[in-house]
Amino acid sequence: MALFILILLPSMTGYMAWEGRAVEVTVLTIDGAPEGVVYITDPHVRASNIDHVQEVIREVNRLNPSLVLIGGDFVTGEEEDFASQEVWRSLDAPAYAVLGNHDYRVGIDGRTGFERTLAVQTSTDVTAAGYDVSALNDGSVDAAFADDLTAALEENGVHVLRNDYVRIPVGDEEIVIVGVDDGWAGMADPPDVPATDTFTVYLIHEPSCRADWDADLILAGHTHGGQFLFPVVAQLNDFGVVELAGTFETNGTPTYISRGVCSASVAGVDLRFNCRPEIVLINPTEEQLRVIGGSPTPLLETGTV
C-alpha cells in the first residue's frame, strides 16, 4: 500500500496541477441580462501564477466581451506592492469589481477563515432589511492595504465598487452593477439602489454574506468551488447542503457562485481536483458561441449550466 501511494501521489499531484490551469468557459443564460458579459473571480495574482492570469485575460479578450465583472481576491494578502496588478491593463473591455477578504488581509488562513465562517452565522444580519456585518470589522482589517490596492486597480483600468453602484450602457441595453464591499472584513454596507426595471446584478465576494436583495442576478466567488471536489462534497453541493459552486436561489433571485480562475496554492502551485477554474459567460452572442464552439485552445474548454 505504501508503495502504491508513493507511485500514485506524483501522478495525482501532476494531474491536479494541470487541472488548476485547465480553465472552462461556463455559459449562463439569464433572462433579461445584456449579451456577452464575462464574470471572473479570485485571481490571487502572484509571481507563480501571473502567466496563468495573463492567459485567462487573453481568453477573456478572445471572447470580445461587452463588459467584464470581477469578484474580488485580487491578491494573496502577503504583497508588499501591487506591481503585478498591471496585468489588468491588458483587458480590452470595461471592468468593474469588488474586493475580497484577501484584499483586506482577513481570514486568509485556515484558522481565521473558519472563525469568519462561524462569525457570519452568529454575529451578522444578512437580510436585506437589516443588513449588518460590522461586527466582523474587529480591528484585524487592513483598510489601508485595501485602499492602496483599490488605487492600483483603478490605475490599471479596473473600476472598484465599494458599497456603490453604477448604471452603464452595454450594447443597446443598460445594466445596473451594485458592488458590495467585503463581508468578512465587515465592510459590506449595501447602497440604496433606486427601483428600476433595468437588469440589476449584485457583486459580492463571499456567498454567505449575500442577502435577499432586489436583484436580477447575484454573482459571488470566494469558495474556489471547493477546489478539491471529491464525490461526497460534490453531492452535498448539488443538493444545496453546502454552497461551493453553481447556481442557487436567493429569494427567487439566481445566485451564481464561480469556481474562480486561480486557487490557494500548495508550495506555489495551484492544485484542483474535479473543480476546474472557470470563465463565466452570460448570454453569449453568436460570435462568442462560435469562439467557444470552434477549436478550443488547451486552456479553453466549454461547459454549460
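In what follows, the structure referred to is the one given above.
Just so it is clear, the structure is predicted and the values come from calculations on it, not from any experiment.

K.L.:
Got a minute to help me understand the overall build of the chain in this structure?
P.N.:
Summing up its helical and strand segments, the chain has 6 helices and 15 strands in all. A globule of 305 residues ought to have a C-alpha radius of gyration of about 19 Å, and the chain, at 19 Å, matches this closely. The dimensions of the chain, computed from C-alpha atoms along their principal axes, are 65 × 50 × 40 Å. Expressed as a percentage of the 305 residues in the chain, the buried residues total 54%.

K.L.:
How do you make sense of the pattern of salt bridges when you look at a structure like this?
P.N.:
Oppositely charged side chains may form a pair once their charged atoms are brought near each other. A full pass over the atoms with the stated rule returns 13 salt bridges. Residue E59 pairs with R62 through a salt bridge whose shortest N-O separation is 3.1 Å. You can see E59 and its partner R62 sitting in helix 2 (residues 50-62), 3 residues apart, about one turn around the helix. Take R62: its relative accessible area is 33%, and that puts it in the partly exposed class. The closest approach of N and O atoms between R111 and E115, which form a salt bridge, is 2.9 Å. Of this pair, R111 and E115 both sit in helix 3 (residues 110-123), 4 residues apart, roughly one helical turn.

K.L.:
I would appreciate a short explanation of a negative patch on the surface in the present structure.
P.N.:
A cluster of acidic residues, E35, D172, E173 and E286, forms a negative patch at the surface. Summarising the element assignment, E173 is placed in strand 7 (residues 173-179).

K.L.:
I keep staring at the environment of V266 and nothing clicks. Help me out?
P.N.:
Within the element layout of this structure, V266 appears in strand 12 (residues 265-266). Remark: the alpha-carbon pair of V266 and A17, spanning 249 residues in sequence, is separated by 9.7 Å.

K.L.:
Would you mind going over the sheet that holds strand 7 with me for this structure?
P.N.:
Consider a sheet: its strands pair through backbone hydrogen bonds, and that pairing is either parallel or antiparallel. The 6 strands are arranged 6-7-8-9-11-10 in an open sheet whose pairing can be described as mixed. The open sheet terminates on both sides in strands that have one partner only, identified here as strand 6 (164-170) and strand 10 (246-250). Put simply, the sheet's adjacent strands are angled 25° from each other on average, direction ignored. The pairing of strand 8 (residues 200-203) with strand 9 (residues 217-220) spans 3 bridges and is classified as parallel. Note that in strand 9 the partner of Y202 across the bridge is I218.

Parameters and conventions
Residues numbered from 1 in each chain as written. Predicted model: local features only at pLDDT ≥ 70, side-chain atom pairs only at ≥ 80, totals over all residues. Heavy atoms only, no water. Helix = DSSP H or I, 4+ residues; strand = E, 2+ residues; numbered from the N terminus. Rg over C-alpha atoms; globule rule 2.2 N^0.38 Å. Buried < 20%, exposed > 50% of the residue type's maximum accessible area, 1.4 Å probe, protein only. Salt bridge = Lys/Arg side-chain N within 4 Å of Asp/Glu carboxyl O. Patch = residues over 30% accessible without salt bridge, like charges linked within 9 Å, V, L, I, M, F, W, Y side chains within 5 Å. Areas by Shrake-Rupley, 256 points an atom, 1.4 Å probe, with all protein chains shown as cover. Lys, Arg positive; Asp, Glu negative; His and termini not counted. Charge placed at Lys NZ, Arg CZ, Asp CG, Glu CD. Pairing = 2+ DSSP bridges. Axes fitted to C-alpha atoms, helices over the stretch in contact; angles between N-to-C directions.

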